[in-house]
Structures are given as structure tokens and as C-alpha cells.
Amino acid sequence: MKNTIIFVYSLKRSFIKTDLQILSGLKTRVLEIYSPPLKGFKFFINRAKEMFLSLKFILKSRLLICWFNDYHAFIPLLVSKLFMKKSILIVGGYDAVVDKKSKHGLFYSKGLRATIGKLNYLLAKEIWVVHKSLEFGCQQAYYD
């Protein structure tokens, strides 16, 4: 059986494309959940799409990979937890630190988005950071 991965992302940046190419090169079947950051009614359409695709893909997969911690990762991470599938949340910076000076970061404001971010950290089996400085928090942001 071919390894199958669910790959969740909100924007198809160059590093996302590179990861998809690498995974394909490993002869891995990649099932994509693309969930762009939309507002208004389309925001809720995205959440419904995430739920449908997560449930559709979860039994076919061995692993869930979510690029960045935000709304788009919550439902897939929750579904993977419910079905006891391995999940990896890749954290980039905005979703890891708070910079009060520039009012930047997922956890800068208290609210639903920050709460979902915290839940995502609890739901993920593994958390990978894009740079070792994020592993224990970015000291520069702390000092600033």
C-alpha cells in the first residue's frame, strides 16, 4: 500500500510547492486540503470544506501535515486526533511568537483565533519549527 499523507495549507507559497514535490518524489500519495484565508460567509464555507475533506481523507491516510497554526489546521487536526492518526503541525513564526511592539503574532490578541491556536498545539502529535530559535520561543521577540 502506498503511503498517503494529508497535506493542509492556507497559501501555496514556494516552500509549500517544494514540500509537495519532495513528498511526491518519495512516491507518497498526497491528498491536499487547500484552505485560503477568506472572510465573511466564505470563511464558514472553508471550515465546512475542511471537515468534509478531513473525514473523506482520514481513513486513507497515515499522516496529517499542517503548514502553520491557524484556523485552517484546527478541523483536520481534530479529525486526525479522533481517528488516532499521526499529525504534524509546522510552525513558522507568526504562529509561534508575540511581538507586542509591532502588534504581531497569532497570540498577540486574546480571542477565538488565539484559543484555536492553543488547541492546535494540544491536538498535534508533533510540532515542527522552521528554525531552532522558535523551539523555545524567539528570544529577540521576548526582549523587544
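Enquirer: Lay out the packing of aromatic side chains in plain terms, naming residues and giving numbers.
Expert: Evaluated as defined, the whole model comprises seven aromatic pairs. An angle of 90 degrees between the planes, with centres 5.2 Å apart, marks the rings of Phe 43 and Phe 44 as edge-to-face. Residue classification places Phe 43 among the buried positions, given a relative accessible area of 17%. Ring centres of Trp 67 and Phe 68 lie 5.0 Å apart, and the angle between their planes is 65 degrees; this geometry places the pair in the edge-to-face category. By relative accessible area, which is 8% here, Trp 67 ends up buried. Taken together, the ring pairs in this structure connect Phe 7, Tyr 9 and Tyr 34 into an aromatic cluster. The ring of Phe 43 has Arg 47 lying over it, and the distance from NZ or CZ to the ring centre is 4.4 Å.

Enquirer: Can you break down the confidence of the model for the protein residue by residue, with the values?
Expert: Mean pLDDT over the protein: 87, with 88% of residues reaching 70 or higher. In the model of the protein, helix H5 (residues 139-143) stands out as the element of lowest mean pLDDT, 55, in contrast to helix H2 (residues 41-58), which has the highest, 97.

Enquirer: Please set out the packing of H2 against helix H3 (residues 71-82) residue by residue, giving values where relevant.
Expert: Where H2 contacts H3, the two axes come as close as 9 Å, and the packing angle between them is 30 degrees. The orientation of H2 with respect to H3, classified from their angle, is roughly parallel. The interaxial crossing formed by H2 with H3 has right-handed handedness. In contact with Phe 43, Arg 47, Glu 50, Met 51, Ser 54, Leu 55 and Ile 58 of H2, H3 contributes Tyr 71, His 72, Ile 75, Pro 76, Val 79 and Ser 80.

Enquirer: Give me the lowdown on the pattern of salt bridges, citing residues and values where you can.
Expert: What the rule picks out here adds up to four salt bridges. Glu 50 is paired through a salt bridge with Arg 47; the nearest N and O atoms lie 2.6 Å apart. Highlighted residues: Glu 50 and Arg 47, both in helix H2, separated by three residues, approximately one helical turn. Judged by relative accessible area, which is 0%, Glu 50 ranks as buried. The buried category is assigned to Arg 47, whose relative accessible area is 15%. A salt bridge links Arg 113 to Asp 70, with the shortest nitrogen-to-oxygen separation between them at 2.5 Å. Placement of Arg 113 in helix H4 (residues 112-123) and of Asp 70 in the loop between strand E3 (63-67) and H3 is noted, with a sequence separation of 43 residues between them.

Enquirer: Tell me about H4, and please be specific about residues and values.
Expert: An ideal rise of 1.5 Å per residue puts 16 Å on 12 residues; H4 measures up with 16 Å between its terminal C-alpha atoms. Along H4, the residues classified as buried are Ala 114, Ile 116, Gly 117, Asn 120 and Leu 123. Packed against the buried residues of H4 are H3 and strand E4 (86-91).

Enquirer: Describe unusual backbone geometry, with residues and values.
Expert: Positioned with a positive phi, Lys 27 is a non-glycine residue whose angle comes to about 55 degrees. Inspection of the secondary structure puts Lys 27 in the loop between helix H1 (14-25) and strand E2 (29-34). One non-glycine residue, Met 84, lies in the positive phi region at around 55 degrees. Given a relative accessible area of 75%, Met 84 falls into the exposed group.

Scoring rules and cut-offs
Residues numbered from 1 in each chain as written. Predicted model: local features only at pLDDT ≥ 70, side-chain atom pairs only at ≥ 80, totals over all residues. Heavy atoms only, no water. Phe/Tyr/Trp six-rings, centres within 6.5 Å; stacked < 30°, edge-to-face > 60°. Buried < 20%, exposed > 50% of the residue type's maximum accessible area, 1.4 Å probe, protein only. Lys NZ or Arg CZ within 6 Å of the ring centre and 35° of its normal. pLDDT = per-residue confidence, 0-100. Helix = DSSP H or I, 4+ residues; strand = E, 2+ residues; numbered from the N terminus. Axes fitted to C-alpha atoms, helices over the stretch in contact; angles between N-to-C directions. Parallel < 35°, antiparallel > 145°, perpendicular 65-115°, else oblique. Left-handed = near helix turned anticlockwise from the far one by under 90°. Contact = heavy atoms within 4.5 Å. Salt bridge = Lys/Arg side-chain N within 4 Å of Asp/Glu carboxyl O. Expected span 1.5 Å × (residues − 1).

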